[in-house]
Amino acid sequence: MSTHADTHAHEDDHGHHHKETFVTKYIFSQDHKMISKQYLITGTIMGVIGVLMSIMFRMQIAWPEEPNILFEALLGKWAPGGVMDADIYLALVTIHGTIMVFFVLTAGLSGTFSNLLIPLQIGARDMASGFLNMISYWLFFLSSVIMIISLFVEAGPAAAGWTIYPPLSALPMAQGGSGMGMTLWLVSMAIFIASSLLGSLNYIVTVINLRTKGMSMTRLPLTVWAFFVTAIIGVVSFPVLLSAALLLIMDRSFGTSFFLSDIFIQGEVLHYQGGSPVLFEHLFWFLGHPEVYIVILPAMGMVSEIMASNSRKPIFGYRAMIASILAIAFLSTIVWGHHMFISGMNPFLGSVFTFTTLLIAIPSAVKAFNWITTIWKGNLQMNTAMLFSIGFVSTFITGGLTGIILGDSALDINVHDTYFVIAHFHLVMGISALYGMFAGVYHWYPRMFGRMMNKNLGYIHFWVTAICAYGVFFPMHFIGMAGLPRRYYTNSAFPLFDDLANVNVVITVFAIIGGAFQLVFLYNFFVSIFFGKKAPQNPWRSTTLEWTAPVKHIHGNWPGEIPHVYRWAYDYSKPGHDVDFVPQNIPLKEGEEELQH
Amino acid sequence: MTAFLTIIIVLFVAVAIWQMVKIFDLAQVGVSNSQIATDNDNKINAYLMLAFLAFIYIITIVCFVKWGDLPLMSNAASEHGSQIDNLMIISMVIIFIVQTVTQFLLHYFAYKYRGEKGKKALFYADNNTLEAIWTIIPVIVLAGLIIYGLFTWTSIMNVNEDDDPLVIELYAQQFSWKARYGGNDNTLGKANVRLINLDNANILGLDESDPNAQDDIITTEVHLPVGKPVLFKMRSQDVLHSAYMPHFRAQMNCVPGMVTQFGFTPTVTTAEMRQTPEIMEKVANINRIRVEKSKELAAKGEPALDPYEFDYLLLCNKICGKSHYNMQMNIIVETQEEYDAWIKEQKEFKDSLIK
């Protein structure tokens, strides 16, 4: 390890001789700290678009087919007279899902914090390849731009649901959005996957090779463990989605029949023969399910770190936490079939996937109990990041528990594709991962920008968001159990559901309030960059290495030698020390024993 | 012009919120210079954690009281439906207990162990016994759920051909359903979308030379004799659809290029179901809502809504395009005699063709 450290210190000296221009510093930067900010800001902008879309379609569900000046203003020809068109409703739902899952919670979350924290927490000068890192961000940027452009094509953006099941997504005559809109969607996602793979490979190599002296794998903070395992899942599963996307492009543009067969549409028989949409579902969910863990694991890692630091206590069960991350990662790749119980695949496969799916509850339960035990008898510092971490555990439990219903093939028959599913996955991976992301921003903001965010605005942001999140998604379980299918433009075609209309209004009102209060966060975020209080070296008094680096960002992270590590990352309130935290770079005192973890 | 004005107004609202936040922000200058939580912050947020716990409990209770009488979660109209409902209730009870306890621990600890200056946290990093306990308990509970679930699943999905089920094809297209009965021989004739001929009204692509197809009956409503096992064969002509029959706890995707299936036995006729207290209450409630809505419509000069009468439904539950939200078909469960009378009136395939 020491050889790495020396060579990097050398490169660093070298680097200082070059004058950084505006372009190399802020745009085509190869510095992991700058790239992480680029990811965060791009992800935030995409997030604003995604949330705005959700508020629009929520308004349509609550007040169906009523003229709405917001629609008239923003949707143009798709809302004649201010009444939302059914096609654009499906497009909004589709793009909302795509943006939130991939662009915000994958790139925005993992891209930001893996980039920021991996080198800083393992004691490296930068990522293994700064150049690949830069390419990774710019591919992500390019894919974001293409996705946004797809919103403006003549026949409308992709509208087949974020899962883009063929044949709906393959045939422009089946749906307007399956023309140019879907082509752009596929191109955008292909580029996105390339970006994600470059990033993931970089993270894996960096964690394996560039740990500083003394930073053994069992001394790594749980954040790095989570990012590391997430990157591995990404490398294993994202290429499968790429292949699915490429095969779909073939079917769409070159007349192959991978996913299509025996289709009669608009008065004519199409030539496709022998393909199967079920194959696409398998390929899609082979990524699609691990994807939810790609989204949630980094959040789990950050929450573990933030909870320990703010509880002034070691994380409870460090080894069990690592084991459960690994177990979740492994299981995540063999459960995809639970999205397909009623797809027409052999029911025996359904049995297998029920078994593997419910197993995932075990490591998840271990994690939840470990977090709760971590705050037990702690000295909880209620910083905003801590509130979001507690909120994370709360929504993760609420949303996760209904997984035992959806993962059970027999029960899935009746709640599949209803609002029950929407409630489940939004709480367990949508809201939870978003909380993880907010927690991360509030916690590491001083590290990113050298300034503090306003805590009182943070408190307002958290409490309103927390109430609205439950207000939006909790009642959805009940309309789902009443049989209301998702992706319905309006429920007025079914008098059976008339008694659920008032629930939908309540949900929408919560959604609008919750969405509007994200402005508090945006204000706090952007204004604090320039006017926030200057951050001290280690504001949360944490043990990890990133807080030993100077507040002012320098290329190479540490002036002079990089710190060596002598202990694990969770020596909080350790008996025998005067202060309630001992950073990782402090050598063991004489006679002090490192915890046998 | 209105579009422009709306954008301006939305922008102004956003600016107004922004400015209010800014005033709030500036008003705090001098109150506290530190952006790190103080003892006072810890205390306030700790109490809010307790309040939030109460909020979670309240929203749970409100939801259960207001919307928890779920006629689609009890009152199943099929033989296997009660199995699903039992498993659902067991799962819900387990969820309810775990949710109540864990949320209590989480928020109560957050309240109880709020930070204070000078307090020292307990250095407590590991306990193998505890880890073992909360690994083994979920293992046991889940093992039970998995075994129960798998038995239920297998018994639902196993189609017993010895029961001589009534075979019905559910045929999906954008955006309507058709049903096809096997006729006297209870055997569906061969079919493929390539054989569709709209000119002679062979709309489902039946093989006109297949003897089994001659007596097939194509309808736009499903009628089922009560108590008789039925086996649905699903087919789609264009995109994925999903045949969702929530009252019967039945659902299966319709996949172009393949035939999928789902079988069940209806146990309650439509007429009986309309008389159950749950459904009567639900229908009365819906009709109250529709009367209110009709008043609003009348004020606008629009026609009033028809009163609602309960019927079993087949819904499309897989996104299939523009009118996905209105792709439905009635299912009528009736006595064998009523069913026989109805089916006799339907046209056989060979007679429905335009020669």
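None of the values given here were measured: they were computed from a predicted structure.

## Brief notes about a negative patch on the surface
Residues and elements named next belong to chain B. A cluster of acidic side chains, namely Glu79, Glu161, Asp162, Asp163 and Asp164, defines a negative patch on the protein surface. Following the sequence through the fold, Asp164 ends up in the loop between helix H4 (128-157) and strand E1 (166-173). Assessed through its relative accessible area of 48%, Asp164 is described here as partly exposed.

## Here we look at the packing of aromatic side chains
The tally for this structure, following the rule as stated, stands at 73 aromatic pairs over all chains. Between Phe316 of chain A and Trp134 of chain B, the ring centres sit 6.0 Å apart and the planes meet at 65°, which makes this aromatic pair edge-to-face. Taken together, the residues Phe316 of chain A in the loop between helix H9 (277-311) and helix H10 (318-332) and Trp134 of chain B in helix H4 connect one chain to another. Stacked on the ring of Tyr111 of chain B, the Lys or Arg Arg114 of chain B has its end atom at 4.9 Å from the ring centre.

## Quick look at helix H11 (residues 347-359) of chain A
When the terminal C-alpha atoms of H11 of chain A are compared, their 19 Å separation across 13 residues agrees well with the 18 Å that a helix rising 1.5 Å per residue should span. Listed as buried for H11 of chain A are Gly350, Ser351, Phe353, Thr354, Thr356, Thr357 and Leu358 of chain A. Contacts made by the buried residues of H11 of chain A are with H10, helix H12 (361-375), helix H14 (403-406) and helix H15 (409-415) of chain A together with H4 of chain B. N-capping of H11 of chain A is provided by Asn346 of chain A, with a side-chain oxygen placed 2.8 Å from the backbone N of Phe348 of chain A.

## Topic: the sheet that holds strand E2 (residues 176-181) of chain B
Strand pairing in a sheet takes place through backbone hydrogen bonds and is either antiparallel or parallel in direction. Residues and elements named next belong to chain B. In spatial order, the strands read E3-E2-E1-E5-E8; together these 5 strands make up an open sheet with mixed pairing. At either margin of the open sheet sits one strand with a lone partner, and together these are strand E3 (217-219) and strand E8 (260-264). Between one strand and the next, the sheet's axes are offset by a mean angle of 25°, whatever the strand orientation. When E2 meets E3, the two strands line up antiparallel, connected through 3 bridges.

## A look at the pairing of strand E7 (residues 250-254) of chain B
All names here are of chain B. Counting buried positions along E7 gives 5 out of 5 residues, so the element sits mostly inside the fold. One ladder, built from 5 bridges, connects strand E6 (residues 241-245) with E7; its direction is antiparallel. Across the sheet, the residue bridging to His241 is Cys254, located in E7. Hairpin connection from E6 to E7: 4 residues lie between these consecutive antiparallel strands, with Arg249 at a positive phi of about 55°.

## Re a nonpolar patch on the surface
A cluster of nonpolar residues, Phe22, Val23, Tyr26 and Phe28 of chain A, forms a patch on the protein surface that exposes about 410 Å² of accessible area. With respect to the secondary-structure elements, Phe28 of chain A resides in the loop between helix H2 (22-27) and helix H3 (32-62).

## A few points about unusual backbone geometry
Residue Pro167 of chain A follows Pro166 of chain A across a cis peptide bond; omega there is 0°. Along the chain, Pro167 of chain A falls in the loop between helix H6 (130-149) and helix H7 (180-209). Notably, Asp164 of chain B is not glycine yet its phi reads approximately 55°, a positive angle.

## Some details on the UniProt feature "domain: Cytochrome oxidase subunit II copper A binding" (unreviewed entry) in chain B
UniProt records the feature "domain: Cytochrome oxidase subunit II copper A binding" (unreviewed entry) for residues 163-345 of chain B in the present numbering. For residues 163-345 of chain B, the end-to-end C-alpha separation is 26 Å, with 21% helix and 30% strand making up the annotated structure.

## Regarding the interface of chain A and chain B
On the side of chain B, 126 residues touch chain A, which itself brings 140 residues to the contact. Carbon and sulfur atoms supply 70% of the area that chain A and chain B bury against each other, a total of about 12,200 Å² over both sides. When the buried area of chain A at its contact with chain B is split by residue, Phe264, Leu496 and Tyr523 of chain A rank highest and sum to 6% of it. Counting every contact that joins chain A to chain B gives 7 salt bridges.

## Here we look at the nonpolar core
Counting 286 residues, the largest nonpolar core has Phe102, Trp371 and Phe392 of chain A together with Tyr181, Val222, Phe232 and Met245 of chain B as its most contacted members. No fewer than three residues from each of domain 1 (38-115 + 129-158) and domain 2 (166-273 + 307-352) of chain B sit in this core. Met245 of chain B has contacts with Leu170, Phe232, Met234, Ala250, Phe264, Leu313, Leu314 and Ile331 of chain B, leaving out every residue within four places of it along the chain. Among the nonpolar cores identified, the runner-up in size contains 9 residues, and Tyr171, Leu206, Phe349 and Leu353 of chain B belong to it.

Parameters and conventions
- Residues numbered from 1 in each chain as written.
- Chains lettered and ligands numbered in written order.
- Predicted model: local features only at pLDDT ≥ 70, side-chain atom pairs only at ≥ 80, totals over all residues.
- Heavy atoms only, no water.
- Patch = residues over 30% accessible without salt bridge, like charges linked within 9 Å, V, L, I, M, F, W, Y side chains within 5 Å.
- Areas by Shrake-Rupley, 256 points an atom, 1.4 Å probe, with all protein chains shown as cover.
- Salt bridge = Lys/Arg side-chain N within 4 Å of Asp/Glu carboxyl O.
- Lys, Arg positive; Asp, Glu negative; His and termini not counted.
- Charge placed at Lys NZ, Arg CZ, Asp CG, Glu CD.
- Helix = DSSP H or I, 4+ residues; strand = E, 2+ residues; numbered from the N terminus.
- Buried < 20%, exposed > 50% of the residue type's maximum accessible area, 1.4 Å probe, protein only.
- Phe/Tyr/Trp six-rings, centres within 6.5 Å; stacked < 30°, edge-to-face > 60°.
- Lys NZ or Arg CZ within 6 Å of the ring centre and 35° of its normal.
- Expected span 1.5 Å × (residues − 1).
- Contact = heavy atoms within 4.5 Å.
- Polar contact = N/O pair within 3.5 Å; in protein donor to acceptor, adjacent residues only side chain to side chain.
- Pairing = 2+ DSSP bridges.
- Axes fitted to C-alpha atoms, helices over the stretch in contact; angles between N-to-C directions.
- UniProt positions renumbered as here; feature names shortened; annotations may be inferred.
- Buried area = accessible area lost by both parts, 1.4 Å probe.
- Core = buried A, V, L, I, M, F, W, Y, C linked by side-chain atoms within 4.5 Å.
- Domains from an automatic or database assignment.

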